[in-house]
Protein chains: 2
Amino acid sequence: MEKATEISTLGEFGLIDRLTEGIELRNTSSLKGVGDDCAVLEYKDTEVLVSTDLLVEGVHFDLTYVPLKHLGYKSAVVNFSDIYAMNGRPRQIVVSLAISRRFTVEHMEALYSGIRLACDIYGVDLVGGDTTTSRSGLVISITAIGDAPKEKVVYRDGAKDTDLICVSGDLGSAYMGLQLLEREKVASAGRADFQPEFGGREYLIERQLKPEARRDIIEELDKAGIVPTSMMDVSDGLSSELLHICKASHTGCRVYEDRIPIDYQTALMAEELNMNLVTAAMNGGEDYELLFTVPLHAHEAIKKVPGVRVIGHMTKPSLGCAMVTRDGNEMEIRAQGWNPLASDVQSDSVAGNGDSASAGK
Amino acid sequence: MEKATEISTLGEFGLIDRLTEGIELRNTSSLKGVGDDCAVLEYKDTEVLVSTDLLVEGVHFDLTYVPLKHLGYKSAVVNFSDIYAMNGRPRQIVVSLAISRRFTVEHMEALYSGIRLACDIYGVDLVGGDTTTSRSGLVISITAIGDAPKEKVVYRDGAKDTDLICVSGDLGSAYMGLQLLEREKVASAGRADFQPEFGGREYLIERQLKPEARRDIIEELDKAGIVPTSMMDVSDGLSSELLHICKASHTGCRVYEDRIPIDYQTALMAEELNMNLVTAAMNGGEDYELLFTVPLHAHEAIKKVPGVRVIGHMTKPSLGCAMVTRDGNEMEIRAQGWNPLASDVQSDSVAGNGDSASAGK
């Protein structure tokens, strides 16, 4: 039988001691971690980047199919992704949790083991947080802090109207992983003997449950001497992020349907579910790939960066934002990415039953 | 009739635009605020201090008697208090909210007006955040960032066994304010015409609903040339904080009952409620006063700092932590401060009905 220690037996400080035991600071910018009123950091020669995400059970994750360790890993990684999206490196996180009564010390240890694994892999220090109770469900709030030299920070607003639009990895696979998990959840409802059928679909599941932030791309760009003119990570979906960059940079854009990178498994799954593949890739969300622009003269250099594809180019703002389809037509790009406050997910009941436990931010 | 705009009509980005409209950055360390993947800050000559707090409806606050504007103000101020407690100055905050369906745009504007008022008064920039939905209730997660010159940062672990123990302001009044609010809530249940009786008790109510962080004390200490050897803010109660400092500094302590600063209204209220006054002052929590230690030779200097009282002294660790009562006896100090994960508040139902919506961290 699994051990189940009630959190109340440890209390807040006892739980924090247990969860943060053995943490060692590895970054020179981390002077003081857990255990005082504040963490103390030192960033003398670089800019400081700060990003925060709030994840709510029943809205951003569904614990019927998300293991707590994976959830911890993902919660940390999505914050690292925001730091990389500024061309920075994550250095520290602070983690706040609100926990309802059904969670045990062992549950929290599983969650923290995922957070700590992500920190180990990405070289980040866990330097503080807050732990409290909730009336219902689990809430995870993580703030990530990172750095970048001043001249290397990449904003959303620097794209010029002749720049090339690039994206890393592939799109739509995390969304297809979510569809697969939701389908198996419905099929397994009430059946203890149920074995989910993920054979050959492991990539989709992994993209949904254990995404990675594209540190490798940031490092490759650095090696190639390329500083993007604008950049974001793809969390809400390519359409939504493209519009953000175009709005901030005062440009239009053209992306080409046949250039959108899509994995073979994503395509198979879309066919099986009778879903529009391009819609899934453009609007699926949670890819945590990097969307960025580079000057036209960097074309040869960017082609040599592994894992990056040029999908289109910026235009004058008067041309608007459009996708050029395979048959040469232009379709206006609209933000159909996941909107956590839109009316279809705003309903407590819908969010509560997990049907809309879809993409995070 | 009050205007009630459903949040879904704006969506996440529309709501964020509305709430952050007109925000101007005032600190030189704030390079880029709301509107990108990260906030961008610059701290070349100082240490960076980071603190975070998570506040959950029904656990940390009860909206039946806490106005949203006050809640916003307090949520920000308690984070500033953590920065001051390191002898720093708060410079930026990021604010994450999870909102359930019963909240309107106007509700969120009220909450934000309190946050922004606190930022105005304390000179802090709101530089980012995350806004999402929740299944039930309101969750507020704030991370504050501040700075202090390296040689001025004050930790918990620097107290020596001959240092004087000092505290600002008075203790127990916020707790008595909470008792008063809870009593009036019970009395008013179901009665629309009910007029709460707060006459002459405004100070207690204000200490609970609209606490201030002790920036003034930090400035006075600076003017007097005093750098405390250790410091914390009193959020969980004096007993709990004293034990934290003694544990971190490897000391014992003696504090004197007749030196504990208590306001006249606090004393009256304790008598009326038949509560032990010293227990309330030692364990009430949410005072957001500063508890700190100074070297013995600073005695004359500290006596001249307005609003600060010497309440005892550190000792060798073997002597333990005790309060010396008026009759000269010694009572061991135990942490009876509010513990958000202790069994008595861990119960969802108890926390849910507001009975234990007591002190925050």
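These figures come from a predicted structure and were not determined experimentally. (Residues numbered from 1 in each chain as written. Chains lettered and ligands numbered in written order. Predicted model: local features only at pLDDT ≥ 70, side-chain atom pairs only at ≥ 80, totals over all residues. Heavy atoms only, no water.)

> Could you clarify how one ought to interpret the packing of aromatic side chains in this entry?
We describe a pair of aromatic rings using the distance from one ring centre to the other and the angle between the two ring planes. Counted by the stated rule, this structure contains 4 aromatic pairs over all chains. Ring geometry for B:F80 and B:Y122: centres 5.3 Å apart, planes at 55°, overall tilted. With B:F80 in helix α2 (residues 68-84) and B:Y122 in helix α3 (residues 105-122), this residue pair connects regions lying 42 residues apart in the sequence. Given a relative accessible area of 0%, B:F80 falls into the buried group. Grouping aromatic residues by their ring pairs yields a cluster made of A:F80, A:Y84 and A:Y122. In this structure, A:K210 is placed above the aromatic ring of A:Y73, and the distance from its NZ or CZ to the ring centre is 4.4 Å. (Phe/Tyr/Trp six-rings, centres within 6.5 Å; stacked < 30°, edge-to-face > 60°. Helix = DSSP H or I, 4+ residues; strand = E, 2+ residues; numbered from the N terminus. Buried < 20%, exposed > 50% of the residue type's maximum accessible area, 1.4 Å probe, protein only. Lys NZ or Arg CZ within 6 Å of the ring centre and 35° of its normal.)

> Can you walk me through the sheet that holds strand β3 (residues 47-56) of chain B in this structure?
Note on sheets: strands pair through backbone hydrogen bonds, and any given pair is parallel or antiparallel. Taken together, 6 strands build an open sheet; the order of strands is β1(A)-β2(A)-β3(B)-β6(B)-β4(B)-β5(B) and the sheet is mixed. The open sheet has two edge strands with one neighbour each: β1 (30-32) of chain A together with β5 (125-133) of chain B. Averaged over neighbouring strand pairs, the angle between their axes works out to 25° when direction is ignored. In terms of strand pairing, β1(A) meets strand β2 (residues 39-42) of chain A through 2 bridges, oriented antiparallel. Note on β2(A): the bridge partner recorded for A:S30 is A:L41. On the sheet, α3(B) packs against β4 (89-99), β5 and β6 (139-148) of chain B and is oriented at approximately 175° with respect to β4(B). (Pairing = 2+ DSSP bridges. Axes fitted to C-alpha atoms, helices over the stretch in contact; angles between N-to-C directions. Contact = heavy atoms within 4.5 Å.)

> Could you clarify how one ought to interpret the interface of chain A and chain B in this entry?
A common way to express how large an interface is: the accessible area buried when the components associate. If you look at the interface, chain A gives 81 residues, while chain B gives 81 residues. Linking chain A with chain B are 8 salt bridges, by the criterion used here. Note that A:E42 is salt-bridged to B:K150, the shortest N-O span being 3.3 Å. Between the two partners, chain A and chain B, sit 19 residue pairs in polar contact (both at pLDDT 80 or more). Counting residues per element, the side of chain A that touches chain B draws most heavily on strand β3 (residues 47-56) of chain A, at 9 residues. Considering only residue class, the side of chain A that touches chain B consists of 33 nonpolar, 26 polar and 22 charged. For β3(A) and strand β2 (residues 39-42) of chain B, the ladder comprises 4 bridges, and the chain directions are antiparallel. (Salt bridge = Lys/Arg side-chain N within 4 Å of Asp/Glu carboxyl O. Polar contact = N/O pair within 3.5 Å; in protein donor to acceptor, adjacent residues only side chain to side chain. Nonpolar A, V, L, I, M, F, W, Y, C, P; charged D, E, K, R; others polar.)

> Would you take a moment to explain the packing of helix α1 (residues 11-19) of chain A against helix α3 (residues 105-122) of chain A for this structure?
Two measures define how a pair of helices packs: the angle their axes make with one another and the distance between the axes. Residue and element names in this part refer to chain A. Between α1 and α3, the least distance of the axes is 10 Å, while the angle of their chain directions is 40°. As far as their axial angle goes, α3 and α1 are oblique. Of the two possible hands of crossing, α1 and α3 adopt the one that is right-handed. Where α1 abuts α3, its residues L15, R18 and L19 lie against V105, M108, E109, Y112 and R116. Here the contact of α1 with α3 is composed, by residue class, of 5 nonpolar, no polar and 3 charged. (Parallel < 35°, antiparallel > 145°, perpendicular 65-115°, else oblique. Left-handed = near helix turned anticlockwise from the far one by under 90°.)

> Would you explain the side chain of A:Q265 in this entry?
Residues and elements named next belong to chain A. Within the secondary structure, Q265 is located in helix α8 (residues 264-272). On the basis of relative accessibility, which here comes to 19%, the residue Q265 falls in the buried class. If we skip the residues at most four places from it in the chain, Q265 touches G200, R201, E202, Y203 and L204.

> Looking at this structure, I do not really get the confidence of the model for chain A. What am I missing?
Interpreting fine coordinate detail is not advised for predicted regions of low pLDDT. All names here are of chain A. On average, residues of chain A score 90 in pLDDT, and 91% of them are at 70 or above. Here residues 343-361 is a poorly scored stretch, pLDDT under 50, and it has 64 contacts once near neighbours within four places are set aside; other chains count. Predicted complex, confidence summary: ipTM 0.89, pTM 0.91. (pLDDT = per-residue confidence, 0-100.)

> Help me understand the pairing of β6(B) in this model?
All names here are of chain B. A large share of β6 lies buried, amounting to 10 of its 10 residues. Here β3 pairs with β6 via 10 bridges, running antiparallel. Its bridge partner being in β6, S51 is matched across the sheet by A144. When β4 meets β6, the two strands line up antiparallel, connected through 9 bridges. Opposite Q92, over in β6, you have I145 as the bridge partner.

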